[in-house]
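This is what each chain is made of:
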Amino acid sequence: MRTPFERRTDYFLPDGREFSVEELKKYRILVFVCFLTSVLAFGYLAFSVVIGFRMGIYTMAFSSVVMPGLPFALKRDANRVVVANIYVGIIFVNTVLITSFSGGLSTSITSPYIAIVPMLGVMLINQKAGFIWFFVVIAETLVLGIAQIAGVDFPITFNPDVDAAFKLAAFLGLVVIVFFIVRDFDSRAESALQRVEEEQQKTQNLLLNILPEEVAEELKATGRAEAREFERVTILFSDFQNFTAVSADMTPQDLVAELNTCFYAFDAIMK
C-alpha cells in the first residue's frame, strides 16, 4: 500500500493495463506522433500528386495508411517498443527513398530528416534504441554520401519547376517535427528537475522531523554532525496499551493519523 508521501508510479490505461509514469508518457507521445505524422503524410501525399513525385506518392500513401493504425495496434496489446521501432523504421525508409529520388544527400531538402531518426529512437523507445538507430543513420549517410562522391546519379524525379515549393513544404515539416522533439526533451528535463527538488524537500522535511534544525543543516552541509554536550535533557518513554488489539480494528490511514496526533501531543508536552 502506498503511503501519502510516496510518488505515484503506476497508472492504468482504459483497458486496465498498468504503466509506470515514464512508460505512460512514452505511450502517449507515440500515439501523438503517429497521428501528427499521419496528418503530415496526407498533406505531402496531396502535394506529391500535384507535383507528380511518384516516390513521394508511394511513401506518403503507405504512411497515410499505416501510421493511423499503429495507435490501434497499441490498444490491442501490441508491444510499445515494437510499435515504436516500426514507426521509426518507416520514417527512416521514407527519408532514404525520398532523398534518393530528389537529388541525393547533398541536394535533397529531405536529407536533414534522417537526423531526426535517432532522436525519435530516444524519445519513443530508450537510449539504447537511440544509439542503434544512430549507427544505422551514420551507416546510411556514409553509403549515400560515398555513392554521390563516386558519381552515382540520384535523379530529381519531379518537375524541377516546383523545386522551390517542394523545399518549402519539406522545410516546414522539418520545423514542426523538430519543434515537438525539442519540446518533449525540454519537458522531460523540467519534470526531472522538479522531481529532484521535491525529493530534496522531502529529505529536508524528514531531517527536520527527527533532528534539531542546526543538526539537520550541518548534516546537509558536511554529511556528518559533531557530538554535542547538554547539561540537562528530558527523555519521554511511552507505551500504547493494547496497541496490537486496537490497531487491528483500524484502517492504516486512521492508525497513522492517530499516531501522528499522539506524537504531536508528546512534542508539546516535552516543550
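What you see is a predicted model, and the numbers here were worked out from it, not measured in a lab.

**Observations regarding the layout of surface pockets**
Piece 1. Empty space within the second largest pocket amounts to approximately 400 Å³.
Piece 2. Looking at the lining of the second largest pocket, the elements that each hand over two or more residues are helix H1 (21-51), helix H4 (80-100), helix H5 (116-124) and helix H7 (163-210).
Piece 3. In terms of residue class, the lining of the second largest pocket is built from 14 nonpolar, three polar and five charged.

**Some points on the environment of Ser238**
Piece 1. Tracing the backbone shows Ser238 in the loop between helix H8 (213-222) and helix H9 (243-248).
Piece 2. In the structure, Ser238 is positioned 24 residues away from Glu214 in sequence and 27 Å away in space, judged by C-alpha atoms.

**Description of the environment of Lys25**
Piece 1. Residue position: Lys25 is located in helix H1.
Piece 2. Between the alpha carbons of Lys25 and Phe131 there is a distance of 20 Å; along the sequence they are 106 residues apart.
Piece 3. Beyond its immediate stretch of four places on either side in the chain, Lys25 contacts Ser191 and Arg195.

**Concerning empty space enclosed by the protein**
Piece 1. One pass over the structure, following the stated rule, counts one cavity of 30 Å³ or more.
Piece 2. Reported here for the largest cavity is a volume of approximately 350 Å³.
Piece 3. Around the largest cavity, the lining is made up of 21 residues, and of these Tyr44, Met60, Ile98, Thr110 and Tyr113 lie nearest the centre.
Piece 4. Broken down by element, the lining of the largest cavity gets its largest block of residues, six residues, from H1.
Piece 5. For the lining of the largest cavity, the class distribution of residues is 13 nonpolar, eight polar and no charged.

**What to know about a nonpolar patch on the surface**
Piece 1. On the surface, Phe131, Phe134, Phe135, Ile138, Leu142 and Ile146 cluster together to form a nonpolar patch covering roughly 630 Å² of accessible area.
Piece 2. Mapping Phe131 onto the fold places it in helix H6 (residues 127-149).
Piece 3. Phe131 sits in the exposed class, given a relative accessible area of 51%.

**Let's talk about the pattern of salt bridges**
Piece 1. For the coordinates displayed, the defined rule picks out four salt bridges.
Piece 2. Among the salt bridges present, the one from Glu226 reaches Arg224, with a minimum N-O distance of 2.6 Å.
Piece 3. Residue class for Glu226 comes out partly exposed when judged on its relative accessible area of 46%.
Piece 4. A residue is classified by how much of its surface remains accessible, and Arg224, at 48% relative accessible area, is partly exposed.
Piece 5. Via salt bridges that share partners, Glu214, Glu218 and Arg228 belong to a single interconnected network.

**Things to note about unusual backbone geometry**
Piece 1. Within the chain, Asp77 stands out as a residue other than glycine whose phi angle is a positive 75 degrees.
Piece 2. On the secondary structure map, Asp77 appears in the loop between helix H3 (69-75) and H4.
Piece 3. Asp77 sits in the exposed class, given a relative accessible area of 55%.
Piece 4. Even without being a glycine, Asn242 presents a positive backbone phi close to 55 degrees.
Piece 5. The class for Asn242 is exposed, based on a relative accessible area of 58%.

Criteria and cut-off values
Residues numbered from 1 in each chain as written. Predicted model: local features only at pLDDT ≥ 70, side-chain atom pairs only at ≥ 80, totals over all residues. Heavy atoms only, no water. 1 Å grid on protein atoms, 1.4 Å probe; cavity = no way out; pocket = protein on both sides within 12 Å on 5 of 7 lines; lining within 4 Å. Points joined across faces, edges and corners; volume = space filled by probe spheres on them. Helix = DSSP H or I, 4+ residues; strand = E, 2+ residues; numbered from the N terminus. Nonpolar A, V, L, I, M, F, W, Y, C, P; charged D, E, K, R; others polar. Contact = heavy atoms within 4.5 Å. Patch = residues over 30% accessible without salt bridge, like charges linked within 9 Å, V, L, I, M, F, W, Y side chains within 5 Å. Areas by Shrake-Rupley, 256 points an atom, 1.4 Å probe, with all protein chains shown as cover. Salt bridge = Lys/Arg side-chain N within 4 Å of Asp/Glu carboxyl O. Buried < 20%, exposed > 50% of the residue type's maximum accessible area, 1.4 Å probe, protein only.

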